[in-house]
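So the chains spell out like this:
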Amino acid sequence: MRGVHRHLANTLRALKSHHTRALAQTASPEPADRAHLDVLHAHLAALHRLLDQLADTTRPPLPGVSRHLSVAHTRLWQAIAEIHSAFHLLPAASTTSTECRPERLPEGPPILTICQRHLATGHSVRRKTTPSDLNTPLHGHTAPSSH
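Residues numbered from 1 in each chain as written. Predicted model: local features only at pLDDT ≥ 70, side-chain atom pairs only at ≥ 80, totals over all residues. Heavy atoms only, no water.

Peer 1: Please explain a nonpolar patch on the surface as it appears in this structure.
Peer 2: Taken together, the side chains of Leu8, Leu12 and Leu15 make up a nonpolar region of the molecular surface, amounting to roughly 230 Å² of accessible area. Within the secondary structure, Leu8 sits in helix α1 (residues 2–24). Look at Leu8 and you get partly exposed, because its relative accessible area is 32%. (Patch = residues over 30% accessible without salt bridge, like charges linked within 9 Å, V, L, I, M, F, W, Y side chains within 5 Å. Areas by Shrake-Rupley, 256 points an atom, 1.4 Å probe, with all protein chains shown as cover. Salt bridge = Lys/Arg side-chain N within 4 Å of Asp/Glu carboxyl O. Helix = DSSP H or I, 4+ residues; strand = E, 2+ residues; numbered from the N terminus. Buried < 20%, exposed > 50% of the residue type's maximum accessible area, 1.4 Å probe, protein only.)

Peer 1: Just checking my understanding: could you explain the pattern of salt bridges for this structure?
Peer 2: A side chain of one charge can pair with a side chain of the opposite charge if their charged atoms are brought near each other. The tally for this structure, following the rule as stated, stands at four salt bridges. For the salt bridge of Arg117 with Asp38, the shortest nitrogen-to-oxygen distance reads 3.1 Å. With Arg117 in helix α4 (residues 111–128) and Asp38 in helix α2 (residues 34–58), this pair connects stretches of sequence that are 79 residues apart. Comparing Arg117 with Asp38 shows no difference in burial state: the two are buried. Salt-bridge contacts for Arg59 lead to Asp56; the nearest nitrogen and oxygen are separated by 3.1 Å. Residue classification places Asp56 among the partly exposed residues on the basis of a relative accessible area of 33%. Overlapping salt bridges, with partners in common, bring together Asp52, Asp56, Arg59 and Lys128 in one network.

Peer 1: Would you mind going over the environment of Thr74 with me for this structure?
Peer 2: Looking at the element boundaries, Thr74 is found in helix α3 (residues 63–89). The class of Thr74 is buried, set by a relative accessible area of 8%. Taking C-alpha positions, Thr74 is 7.6 Å from Val125, a pair spaced 51 residues apart along the chain. Residues within four places of Thr74 in sequence aside, it is in contact with Thr129, Asp133 and Leu134. (Contact = heavy atoms within 4.5 Å.)

Peer 1: Looking at this structure, how should I read the packing of aromatic side chains?
Peer 2: One pair of aromatic rings is described through two measures. These are the centre distance and the angle between the planes. Throughout the structure, instances matching the rule amount to zero aromatic pairs. A cation sits over an aromatic face here: Arg34 above Phe87, 4.6 Å from the ring centre. (Phe/Tyr/Trp six-rings, centres within 6.5 Å; stacked < 30°, edge-to-face > 60°. Lys NZ or Arg CZ within 6 Å of the ring centre and 35° of its normal.)

Shown next as structure tokens:
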């Protein structure tokens, strides 16, 4: 498992380095485009799978820790869903339709890959998360009172 931690640390350093270089290239960074959101979605989906595995292996010996990892897993899914929605709000390069249509093949990469990845991640979430979990306020925060 030690090698996994080192690999994750190297990945995070590379991501930080890329982000720093991308922001330093221009005085005013370019707005997000579909390619950037596709890469961000892929990164978050990979992190989601890692959290899923960590929560599963931590659950028997440390149930309290596992619960926090499960909450992080749910919150990360919410972020992934928002990135997917934002992706489809950006204009497509070659088509007028930007909707995710699982019943037919979309225009190809990156729409094909982001939608397939999103559907696979969503399947994992539906197996382990209830709708009420997805709508629960962030840990330690409560919904505004109606008083």
